[in-house]
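Read off the chains here:
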Amino acid sequence: MTSVLEQLRTMTTVVADTGEVALVKRLQPVDCTTNPSLVLAALSDPASKDLIEREIEAGQSAGLSAEALVATLTVALGAELTHLVPGRVSTEVDARLSFDTDASVARAREIVADYAARGVDKSRILIKLAATWEGIRAAEILQKDGIDCNLTLLFSMVQAVACADAGAFLISPFVGRITDWYKKADGVDSYTPDEDPGVLSVRRIYDYYKANGIDTVVMGASFRTTEQVKALAGCDNLTISPKLLDALKDEEGELTRALSPDQAGTVERVSVDEQTFRWEMNADAMATEKLAEGIRNFDADHKKLIAMIAEKLA
């Protein structure tokens, strides 16, 4: 019998939630992703050592600041990853720009230009933006320019609706972080897959999109267990950590498809304006807290990365 991972690949595009070259080579996902946390991990990846040292040397020669070098280093790593995956590499706009539409658009265009200078077409990348109102508006502008976007840190239906309205290429609802919040709030240690709030959130979004013919790709993210992954088998994409990918590879048994466009119910399509978006986010304590926490953590890792590069430049 084929492994659970191989069965999953027949119904879902499997994405590796890592930017480490050695792991991407071994796991062979269709797509992969980067963010400050993953780039920090890549700094200790022996397979990325030469690339990083070359970029630092080039940056020093060009007189780049540590912050500017971090920006180019992220793209350099992404460009390397495009040689290892057949699909796309997601590259994140700085978290500190999450509430500035114009600055987010400008940074996204810089990322696209940097990739182009390295011979990587924009069709091979996704620009990652936090799913704030401003981030979603930035995605709307970029999508009209033919730059596909991945809206991340997504925790609520209102975010998903706004992303669909904006024509976003892909969204990343965060399963595990939703579950973490509810476990603490409910005072429980675990949920069954069919009761898991994170799983149920993605199922609801998927159903809404498929019922209304919305082309935006749904990519479940931030998994804590293989059971969460299996409970979303059939979702368009799933981005999974190397640890869970290995566990799924080692597991045998029949994997039942949980999601399918053919099984989507009848859900009326709605649109949201800024006032509705902000009100519904305010009313959802979990979504508000996890979005803010995610932005803070990405920014903290970005600052840590800058400090590490500054030390190497000294």
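The structure under discussion appears in the preceding block.
Here is a short report on the structure shown in this document. (Residues numbered from 1 in each chain as written. Predicted model: local features only at pLDDT ≥ 70, side-chain atom pairs only at ≥ 80, totals over all residues. Heavy atoms only, no water.)

**A word on the overall build of the chain**
- A tally of helices and strands in the chain yields 14 helices and eight strands.
- A compact globule built from 314 residues would reach a C-alpha radius of gyration of about 20 Å, and the chain, at 19 Å, matches this within 12%.
- Viewed in the frame of its principal axes, the chain has a C-alpha envelope of about 60 × 50 × 40 Å.
- A buried classification covers 55% of the 314 residues belonging to the chain.
- The long-range share in the chain, meaning contacts at least 24 apart out of those at least 6 apart in sequence, stands at 68%.
- For the chain, the accessible surface area stands at approximately 13700 Å², while carbon and sulfur atoms represent 49% of it.
- Mean positive and mean negative side-chain charge positions of the chain (33 and 49 charges, respectively) differ by 3 Å. (Helix = DSSP H or I, 4+ residues; strand = E, 2+ residues; numbered from the N terminus. Rg over C-alpha atoms; globule rule 2.2 N^0.38 Å. Buried < 20%, exposed > 50% of the residue type's maximum accessible area, 1.4 Å probe, protein only. Contact = heavy atoms within 4.5 Å. Areas by Shrake-Rupley, 256 points an atom, 1.4 Å probe, with all protein chains shown as cover. Lys, Arg positive; Asp, Glu negative; His and termini not counted. Charge placed at Lys NZ, Arg CZ, Asp CG, Glu CD.)

**What about helix α4 (residues 49-61)?**
- Across its 13 residues, α4 extends 18 Å between first and last C-alpha, which sits within 8% of the 18 Å expected from 1.5 Å per residue.
- Phi for G63, located one or two positions after α4, is positive at around 70°. (Expected span 1.5 Å × (residues − 1).)

**Concerning the pairing of strand β3 (residues 89-92)**
- Side chains V89 and T91 project from β3 onto one buried face, and the interleaved S90 and E92 project onto a second face that is buried too.
- Two strands pair when backbone bridges link them, and strand β2 (residues 31-33) and β3 are joined in this way by two bridges, in the parallel orientation. Along β3, the bridge assignment pairs C32 with V89.
- When β3 meets strand β4 (residues 125-130), the two strands line up parallel, connected through four bridges. Following the sheet pairing, T91 is matched in β4 by I127.
- Where the polypeptide runs from β3 across helix α6 (residues 101-117) and back to β4, its parallel neighbour, the crossover connection is right-handed. (Pairing = 2+ DSSP bridges. Right-handed = clockwise from strand over helix to strand, strands pointing away.)

**Some words on unusual backbone geometry**
- A positive phi angle is found at Q28, which is not glycine, with a value near 50°.
- Accessibility expressed as a relative area gives 59% for Q28, which makes it exposed.
- Phi at S222 takes a positive value of approximately 60°, unusual for a residue other than glycine.
- Tracing the sequence through the fold places S222 in the loop between β7 (217-220) and α11 (226-230).

**Observations concerning the nonpolar core**
- Counting residues in hydrophobic clusters, the biggest one holds 100 residues, and the most contacted among them are I127, L151, Y209 and I240.
- For I240, the residues in contact, after removing those within four places along its chain, are L8, V14, V15, A16, D17, F223, V229, L245 and L248.
- Counting residues in each nonpolar core, the second largest holds five residues, with L126, L170, V217 and M219 among its members. (Core = buried A, V, L, I, M, F, W, Y, C linked by side-chain atoms within 4.5 Å.)

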